[in-house]
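Residue-level structure breakdown
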Amino acid sequence: FDGFLSPGGSSSVVSICCDKESRQLGFDAVAAAARSCSGSDGYIALVKRINGIVSAAAPFLRHRWGQAGGSDDGHGRSSLRNPSKYSGLRNQGCTCYMNSFLQQLFMMNDLRKEMCSAPLPETLRASGGVAGMKGAELIGKKLSFQWDSGVSYEAIVEKYDVGYGMHTIRYCPLQTASVGGATQPVTPEEIARAPPELPDEFILSEGRPGKETGVFEVVTSKSGAAAGENTSEMVKSKNNDGLIKESEDEACARHLFEEVQRTFIHLDEGSRGRCFDPRAFVEACACLKLEFDVWQQNDASEFAMKLLDRMEIALKRWAPEQFRYLEHTFGLKQTKQKICKECGLKTNREENLMSIDCQIRGKTDIHEALETMCDVEYMEGNNKVFCDRCKKNTDTVLRTAVSTLPDMLILSLKRFDLDYNTFETVKLNSRCAFGQTLNMKRYTLEGVEAMEKATSSSGDGDADGDGSAPAPMDTGDEAGIPEDFDPLSSIPDGDYEYELAGVLVHAGVAQGGHYYSFIKDRSSSQSGEDKWYKFDDEDVTPFDPSSIEVECFGGKVKKETKWPNGQVHTVESEQFANALMLFYEKVKPTPLPEEEKKEEKEDKEVVAQKKLDLKVTKSSGYDSYEPDVRRSNATHKWQTFLFDSEFQTFLKGLLGLCRLTRNQKDKMQVSSSNDGAMSWQTTIVDMLLSFFFDVLLYAADKSSLNAWVSMLSDTLSADHESAKHFVRKLAEKTQTVSANWLRTYVAECPEPESRMAAVRIFAAALRLCASINEEQSSLIRWTQAWKEQLLAFKQNLGQVALPTRLEGSWKVYEDVRTLGTPRSSSIGVIISYINVLLEVAPRTWRYNSELCQFIRDIVIAESNLGGSILRAALNETHVPARMICLVARDKAPGALRSSFPGASMSYELVDSQARQETNPSSHMLPMGSTSMMTNDMNNRGPSGGAPVASDFLTLFEALGTINGMKGLILSPLVVETNEQVRGRPTVVLTEAASRAMSNIFQESCSTADGGMSQYDIENYLRRCGMDSSSVPTQKIIDIISKYPSTNGNGSRANGFFLSPEGFLAYYRDTAQTNATRVRADLHTFGFRPDLSRRPKSTRFETDVDGFPRAYISTVESITMDVSAALEDGEESEHLSELTMLGLDVFDLHSSAYSASEPLAEYLLASTSIDRDTSNLITNTQRAIYRAPSAWAGNEMWAAATMIFRVLVTIQDSYQQDRIGRIMENSNSGTLNDQDIGLLSAAKTIAANRVSQNYSNDMQYSYERYVDLLKELMKMKPVAAWMADHRSLWSWMERDLVASEEAPSQRRSEYSGRRDGAMGDSPRSDTDMHGIQDSEEDDDDDDSRNLDDGQHYRYSQLVVEGAGLDVINGIFHLDGSFEGAGRYAKKGIWKGVEERFSMFRCNVSNNTKHWYISIVPPGVQPGTNTDIDFYSAPVSSHIPDLPPEHGWTKANEGALPPPVVHVKEDDDADGQQGRIMM
């Protein structure tokens, strides 16, 4: 196993079996060997080895999500991506200008070693390695941590883990005077009352991605400044060696140099081919004060010089030897000479430089550019310069030359220049050639003077050149010098010869581009080879130096294109990738000279500080960072192995073997002195679970996640021993910090796939564990302990904070040391920790969905399998009450806020304590990405912002499930398949959704033609609550045309229909864009949230023969369904007093309504049956009384309507009391003693009409009350109550009843319609409203005037729900009138049998209405002699049939108005036809 498959103890990352085939064979051999061992010894040994690997790698994976094989930096880079022996540097988005120069420095071997050997004070090192105070010494100290956001936060160190070098810290509250606006400030008192945050555990020197950078400092009590701020020039740090003082510049330079050391050591000693992330170095470069921010692209030349300058500052103080080496390596001196032409006096002024700037405009090669530096400038006439010897202004020669050459010569080509026409910076892409060698002799002071001497010796001047004679200066006339004479030949070449060692290239334009480097491998030169590499950020690849001309010189390049006809087309274009910096290494390096002793007078304080500096304990970069590198290498090595796909396949095979042998009832066991008898299968499952939670869920590749989850959850759902062991382990881990699986995956993990996978496995194990008798007994004892503990708080209930765990004498029931015995309950420990997580949930609300899903999935267990015990345990520990607080927050009742201060933290308070996090990969985003700003600058972590209602979906599901209701878990509507179209996976309806939709389709077809006609679709959409204005006829035709149909395009005239496949395809597409609409349609047709269906007895009213007679309204159907479920099963769970108080909070149900109306209705019904809901009614009435006017209050009114509709339809002993309280609520002390019942509130508003202060807002509020009352009056119990209490609302009867008839006019206002005054045709243009013109539409309209039975095929209409019961029943087709069917039934009216008619006719404003009336015998319908009961406007979509809804009461009618359905003829098998509308 070791060495061949895993790296084992070798230093290499790559094992011997490194290809897929050999690794598969190797793992097969290991599995076969394990099977061949005696008993289970082979498997136990294998498990022990793998557990050791997982436990070693796991701590260093924590907090680093999105890992790939061999990547320990969280960015998913492959460890073997670089075929070279060198490692790359990660580009932080626009930091290639840094990487390209850093890599040039790194490849200078001697320089790298010197820099890494440089000592710095241990006590001042910001992070990493040895420090003045480390390990356990930091316990109890307050530290200030620098975060990626640039802000520092203080925390207290609580613990230290010696084994992994991790500290446990707890952040201090953020103090603020007022946050959240003037209306609701967050006071220091509120911050002090808030519960503390959970502790965090990590390696301080490394920090966590998106949070701590790894830079921290101890906060001393002497400092008056806030942590992370420097309020004076000097930063002081107390240590054992004395008081060290640093200026701010020195501190920044030292920290930057530390990061240079760290980067070099990781690149040098890290595993081969790894990519190092220099993020900390980039942040430290902020002190360079570049032209642009360090995270944006800058000029690499500017960065290089400023970086070297800062390194010198740090080295000069703390490492003088290394400072001299750096200065000697790069330091060159440029001498500017001033020569008097009269007396010959030479005056030299030296300047220290790190590079030579070469002007390349108009230059063809590097020599021409260097000659420009040495150009002679003549100062004559008005430009004469003062001569110190002549004591006057004289003609003078100015020239420049290099006086001292460095070992590493850097030439900066000035490719960025100013365009004087546009005054914009442009890039010069002109060709500038350079050679592999460079002789600098002619550009040095010695060379210039040698050439000058040779020239002057051939002229008439003073041959001695001592300047004693005022001979005129020769100006460069070289007459007399032989052509073959080289004046520089007398100077040896050895000290001036250079070889090209590196080229830094810029590809792009002046406004942006990319930097990379070509670098010579110095180590290869020693062996006679000439190897070059291309360093392009993360990628390091071999490079052929013969291609330097093509890649680096620039200029124009010709591209030839050969056309099919043989003609060659040549295009010449600029080459945008060209050299920006050249690095020439001296062939014969100059020895480092001895240090010159300079006698300078220094300040006494400076001298004293230098003496102190000599006494300071220092450490080199190797001492500081090599331990980190070794640990990182080991972590990298094992992660490469653990994320290997072949290894994971091998582990799946072990799991499959466990399941197989379990099924065969293999009894083989292995004894363990620690855990007692535990089967080898359980040992393997335990190992696999550790691998899953500690390794696999951190992987970037989630392709195999579903398979793992299915296998593990199936195993834990069937294997009692493994489930018990896992739940015990999960409970034990709740006592840890970073190793706590429950906290990690329901409160911290930012990846939803990992969170959901973990929750599925947690819940599966807990459900099975709860079915075990011993665990049930332990949980019952634990629940009893909670009851006893809470009894101690009974006197102060609602006034003090309740505990989240068992405390005092009851704590023994949660002692993790006795888990597995009857004394303690593993499930109880986990439930208590759920309380802990709920108390901090407002701070981590982005991840609360999985926390609530975990609770929900636990309590769905069947009652006989421990479900009732689990639900009782959650109720006794107030889990539901805390969940309600999580929704209501500061709007929860005071008793809840006092009892659960953490769960009820206001959004303002949470936001004031949120620490600004950054996306760990935010700097990897492309340029111009808006996500960079939003994620990096404004991300407040898991507590930032505020949740929306949909974020609480699983919470509402959990609340209903805890109460014992089934069917509330929203079933998914669509699922992705493995098939792909255009690179995207195809989406199909789930099996449950497809089955439900198929049922709806069959019930909605009016004929046996196998499809839905246009008319059927119109009826169907109306049934789903869509009116004619929202779905025009042409839209329906388009739907039929787009989706599969039978016999054509669905026209009624031609008999074309939407097929079942087309219906399902339509809903498949709709579910992906508007799932809420699909769920609403399913809800209308009687499907619960989980897509099971309510019984027919709750969906239909039946006639005496048991056939469906009419639909029951959806809300009434739900309350009947809930009542039936509670009657058939167990009683609803006993809810605690605080939970009952929370259920009366309006905001709870309002949020549930916004998230899912069906779920909200079920939740409200299940928690309100046989319960006094007076407080909920009052709270709802308060909310709508105070609701904002206009659209702002629409959601509140809609939620209130839902609440009242559900409450009034619950048929229990409280029903009449509820209705009465909704209509009249004289609850004293409410809103200034104002009666807030609907009728009373409406009356109060209406009474203000006579007042001058009556506003449009008041009128709008009154209309809202009227609309709400109308909606409630559709409910039979309310209609009956209103009939019995007519005196209470008679004053507004005109608004409740007559107002609906006003727009359509009474038809009695028009007389003489039958005399033909309006024309002979009863058809008007309004019949076509909403229908697009087409031939098909015309044909349809013409057919409406035919009385051949084709159009009037619906021979029966069902009227139900009318307040006047005699109207209810079946109306039969009785001829036609004005182009539409006329229907009739018989009934008793005022003791006389009458014939009731339903017909359509014109009214006075030339519109059509349907009426239910008694028409006198021998008289045409539609005259003043009719006795009218109900009327409804004609539907513009289906004007030839009466509408289902929209009926209003006429003179003789009674509320509520009826609902009309189409009833088909009975089917051949004797069953009643479908209800269509």
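The notes below deal with the structure included here. (Residues numbered from 1 in each chain as written. Predicted model: local features only at pLDDT ≥ 70, side-chain atom pairs only at ≥ 80, totals over all residues. Heavy atoms only, no water.)

Comments concerning the overall build of the chain
Secondary structure summary: the chain contains 48 helices and 45 strands in total. Burial status across the chain gives 52% buried among its 1477 residues. Restricting to contacts in the chain with at least 6 residues of sequence separation, those with at least 24 account for 68%. (Helix = DSSP H or I, 4+ residues; strand = E, 2+ residues; numbered from the N terminus. Buried < 20%, exposed > 50% of the residue type's maximum accessible area, 1.4 Å probe, protein only. Contact = heavy atoms within 4.5 Å.)

A closer look at helix α24 (residues 848-859)
Between its first and last C-alpha atoms α24 spans 17 Å; for 12 residues at 1.5 Å apiece the expected length is 16 Å, and the two agree. When you tally the buried positions in α24, you get 11 out of 12 residues, the bulk of the element. Among all positions in α24, only Asn848, Glu850, Leu851, Cys852, Gln853, Phe854, Ile855, Arg856, Asp857, Ile858 and Val859 are buried. On the buried face of α24, the contacting elements are α20 (741-748), α21 (752-770), α23 (826-840), α25 (867-876), α26 (879-888) and α30 (953-962). (Expected span 1.5 Å × (residues − 1).)

Brief notes about the packing of helix α17 (residues 680-694) against helix α18 (residues 705-718)
Two packed helices can be described by the angle between their axes and the distance between those axes. Between α17 and α18, the least distance of the axes is 12 Å, while the angle of their chain directions is 145 degrees. Crossing angle aside, the handedness with which α17 passes α18 is left-handed. Contacts between α17 and α18 involve Val685, Leu688, Leu689, Phe691 and Phe692 from the first element and Leu705, Trp708, Val709, Leu712, Thr715 and Leu716 from the second. For the contact of α17 with α18, the per-class residue count stands at 10 nonpolar, one polar and no charged. (Axes fitted to C-alpha atoms, helices over the stretch in contact; angles between N-to-C directions. Left-handed = near helix turned anticlockwise from the far one by under 90°. Nonpolar A, V, L, I, M, F, W, Y, C, P; charged D, E, K, R; others polar.)

Here's the deal with the nonpolar core
Phe692 and Phe693 are the most contacted members of the largest nonpolar core, which totals 173 residues. Among residues more than four places away in sequence, those in contact with phenylalanine 693 are Tyr698, Phe726, Trp741, Tyr745, Ala758, Ile761 and Phe762. Within the second largest apolar cluster, 65 residues are counted, among which are Cys96, Tyr97, Cys285 and Tyr325. (Core = buried A, V, L, I, M, F, W, Y, C linked by side-chain atoms within 4.5 Å.)

What about a nonpolar patch on the surface?
Together, Leu418, Tyr420 and Phe423 make up an exposed nonpolar region whose accessible area comes to about 370 Å². Tracing the sequence through the fold places tyrosine 420 in the loop between β19 (416-419) and β20 (424-427). (Patch = residues over 30% accessible without salt bridge, like charges linked within 9 Å, V, L, I, M, F, W, Y side chains within 5 Å. Areas by Shrake-Rupley, 256 points an atom, 1.4 Å probe, with all protein chains shown as cover. Salt bridge = Lys/Arg side-chain N within 4 Å of Asp/Glu carboxyl O.)

Focus on the sheet that holds strand β5 (residues 166-171)
On the basis of which strands lie adjacent, the open sheet formed by five strands has the order β6-β5-β4-β3-β7 and antiparallel pairing. Of all strands in the sheet, those with a lone pairing partner are β6 (200-202) and β7 (212-218), marking the two edges. If you compare each strand with its neighbour and ignore which way they point, the axes differ by 40 degrees on average. Pairing geometry for strand β3 (residues 142-147) and β7, over four bridges, is antiparallel. Across the sheet, the residue bridging to phenylalanine 145 is phenylalanine 216, located in β7. (Pairing = 2+ DSSP bridges.)

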